[in-house]
Amino acid sequence: MDETRHVEEIADSVYWVGARDWDRKTFDAFIPLPQGTTYNAYLVKGREHTALIDTVNPGFWKQLHEKVDKVDSLKNLRYLVMNHAEPDHASAVPYVMGESPDATLVTTAKGAKMAKLYSKVPDGRILVVKDGDAIDLGGKTLAFIEAPWLHWPETMFTYLPEDRVLFSCDYFGAHTAFGMYDDENEGLLSLAKRYYGEIMMPFGKPGQKALEKIEPLDIRVLAPSHGPVYRNPGKIVDEYRRWTAGETKEKAIVAFVSMWGTTDRMAKAMAEALANDGIEVCVFNLQGADVGDIARELVDARALVLGSPTVLGGLHPLAAYAASLVKVLRPPLKYAAFLGSYGWGGGAARQALELLGPLRIDVVGAVDINGPADGEAMGKVADLARALSAKIKGATGATARTAESIA
Ligand SMILES: Cc1cc2nc3c(=O)[nH]c(=O)nc-3n(C[C@H](O)[C@H](O)[C@H](O)COP(=O)(O)O)c2cc1C
Ligand SMILES: [Fe+2]
Ligand SMILES: [Fe+2]
């Protein structure tokens, strides 16, 4: 037993027994984690029974066990609530079920299938719950709210009405190991937005449905499975309302890559021109850009300018990656434009259109230059900036120029 383990009582007889992963550098094998992350698990002690809500990532099972044993004994656990079957929260399910002979796993119907598949939990030890179901721990009720696709099809929330605590698993999460509570991490909103962009943005509609379901709850403590616990949940819930609704700002992302400087020059001229028009501009040189930062800005940007030279007949691989990211994350972008340069046959602009075209984004125009950008080329960039700016500001009748190569 390690007596230094930190266990926090986040509400009456509700304990944070999760793990801090200060060292983790990436999530999902590609998203950088500037502040590590946490795997939050919570122990709820009623008069008669104790329940554990979610578990932890591989490598942290013993730590979870030690923390639970500081408050109660894992052996006495009556319920293990699995809000989500992903291994960062459910990897210890077999371990906990093995250590707790009387424990029943509580999950949705889809969660039960996953628990059998991934964790080999037998049917007889699973309690399948749906919306409106609840279990009584003795003075503490756990009520279940189906919240599918946040972030897998089986996900649910657990609500403790006596203390008005919502255990929302990945929803409202943030990857950071800093701060027990929301008011202890100054940059939390930015990290939460980044997390939303990476993990939740593709699921705007299910997200809105879940918000409707929790609307009447008057939540006092919002306890997600990553990052700090919110004891002031109002602000993040308001932000989630805006983000899931796809509200965009007068804001453009200029994401580019350049090998010899031509696309770089055009991208920066575009950024300057948009900024001169009062538009918020985020510039990402894709060489070394943090994908999490891009995901964060995509949450409410209205336009994307993608810049890429032609490489081997198509987009530079980093630009292709950025475009595919836009495709899978499904941001609420309304407008796009392309900037590029080519040496002989071109091809980057065409591929950009192929990728962005089907996304219900209005491609306002493209400037694709043969060779270095001269005054005329930079004039075209200025024209495209004007057209894009007008669109972003909602002006009607804006005209766009399209490069010959994509006409
Ligand atoms: C590795 C490499 C591959 C290239 N492949 C093509 C190509 O397939 N077609 C083409 O028109 N130009 C090709 N080019 C030429 C570039 O598109 C051209 O030099 C362009 O102006 C570079 O723009 P930048 O200054 O923004 O890097 C290639 C250049 C490099 C370095
Ligand atoms: Fe997840
Ligand atoms: Fe997670």
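Everything numeric in this text was worked out from a predicted model, so none of it was measured. Here the residue numbering is sequential within each chain, running from 1 through the sequence in written order. Written order determines the labels here, with chains lettered from A and ligands numbered from 1. At least 70 in pLDDT is required for a residue's local features to be given in this predicted model, at least 80 for side-chain atom pairs to be given and counted, and no such filter applies to totals for whole chains, interfaces and linings, which use all residues.

J.: Hey, could you run me through the packing of helix H6 (residues 204–214) against helix H7 (residues 234–245) in this one?
T.: Two quantities define a packed helix pair, namely the angle between the axes and the distance from one axis to the other. For every element, the axis is a line fit to its C-alpha atoms; helices are fit only across the contacting stretch, and the angle between N-to-C directions ranges from 0 to 180 degrees. A helix here means a DSSP run of H or I that spans at least four residues, while a strand means a run of E at least two residues long, and both kinds are numbered starting from the N terminus. In contact at an axis separation of 9 Å, H6 and H7 are set at 145 degrees when each is read in the N-to-C sense. Handedness of the crossing formed by H6 with H7: left-handed. Between H6 and H7, the residues in contact are Gly204, Gly207, Gln208 and Leu211 and Tyr240, Arg241, Thr244 and Ala245, respectively. Three classes are used: nonpolar for Ala, Val, Leu, Ile, Met, Phe, Trp, Tyr, Cys and Pro, charged for Asp, Glu, Lys and Arg, and polar for all others, with Gly counted as polar. Partitioning the contact of H6 with H7 into residue classes produces three nonpolar, four polar and one charged. Crossing handedness is read from the near helix: turned anticlockwise from the far helix by less than a right angle, it gives a left-handed crossing, and turned clockwise, a right-handed one. Any residue pair is listed as a contact if its two C-beta atoms, each placed from the backbone, are within 7 Å.

J.: What am I meant to see in the pairing of strand S14 (residues 156–160) here?
T.: The side chains of a regular strand alternate, residue by residue, between the two faces of the sheet. Exposure classification rests on a simple neighbour count of other C-beta atoms within 10 Å of a residue's own: a residue reaching 20 or more is buried, one at 12 or fewer is exposed, and one in between is partly exposed. C-beta atoms are placed from the backbone. Across the five residues of S14, five count as buried, placing the element largely inside the fold. Along S14, one buried face is formed by Met156, Thr158 and Leu160 and the opposite face, lined by Phe157 and Tyr159, is buried too. The criterion for strand pairing is that DSSP finds at least two bridges linking the strands in question. The pairing of strand S13 (residues 141–146) with S14 spans four bridges and is classified as antiparallel. In the strand pairing of S14, Phe144 is matched with Thr158. Two strands pair when backbone bridges link them, and S14 and strand S15 (residues 165–169) are joined in this way by three bridges, in the antiparallel orientation. Across the sheet, Leu160 pairs through a bridge with Val165, a residue of S15. Two successive antiparallel strands, S14 and S15, enclose a turn made up of four residues, where Arg164 displays a positive phi of approximately 55 degrees.

J.: Please explain the site of ligand 1 as it appears in this structure.
T.: Near ligand 1, the surroundings consist of 20 residues, among which Met259, Trp260, Thr263, Pro309 and Gly343 are the closest. Those elements giving two or more residues to the shell around ligand 1 turn out to be helix H8 (262–276), strand S20 (310–311) and strand S22 (335–342). Here, nearness means that the C-beta atom of a residue, built from backbone geometry, sits within 6 Å of the molecule or strand in question.

J.: For this particular structure, what's the right way to read the sheet that holds strand S16 (residues 221–224)?
T.: Two orientations exist for strands paired in a sheet by backbone hydrogen bonds: parallel and antiparallel. Read across the sheet, five strands follow the order S12-S13-S14-S15-S16 without closing on themselves; strand pairing throughout is mixed. The open sheet terminates on both sides in strands that have one partner only, identified here as strand S12 (134–136) and S16. Strand-to-strand twist of the sheet, defined as the mean angle between neighbouring strand axes without regard to direction, takes the value 20 degrees.

J.: What is the right way to read helix H4 (residues 109–119) from this model?
T.: All of the buried residues in H4 are Gly111, Ala112, Met114, Ala115 and Ser119. Along the axis of H4, the buried residues cluster in a sector spanning 165 degrees; they form a single face. Exposed residues lying more than 90 degrees from the buried face of H4 are Ala109 and Leu117. Contacts from the buried residues of H4 go to helix H2 (87–90), helix H3 (93–99), strand S10 (104–107) and strand S11 (126–128). Just downstream of H4 lies Lys120, where phi reads positive at about 55 degrees. This arc is built from the directions going out from the helix axis to the C-beta atoms.

J.: So what exactly am I meant to see when it comes to the environment of Glu250 here?
T.: Structurally, the position occupied by Glu250 is in the loop between H7 and strand S17 (251–256). C-alpha separation for the pair Glu250 and Ile279, spaced 29 residues apart in sequence, amounts to 5.6 Å. Discounting chain neighbours no more than four positions away, the residues touching Glu250 are Ile279, Glu280, Arg302, Ile392 and Lys393.

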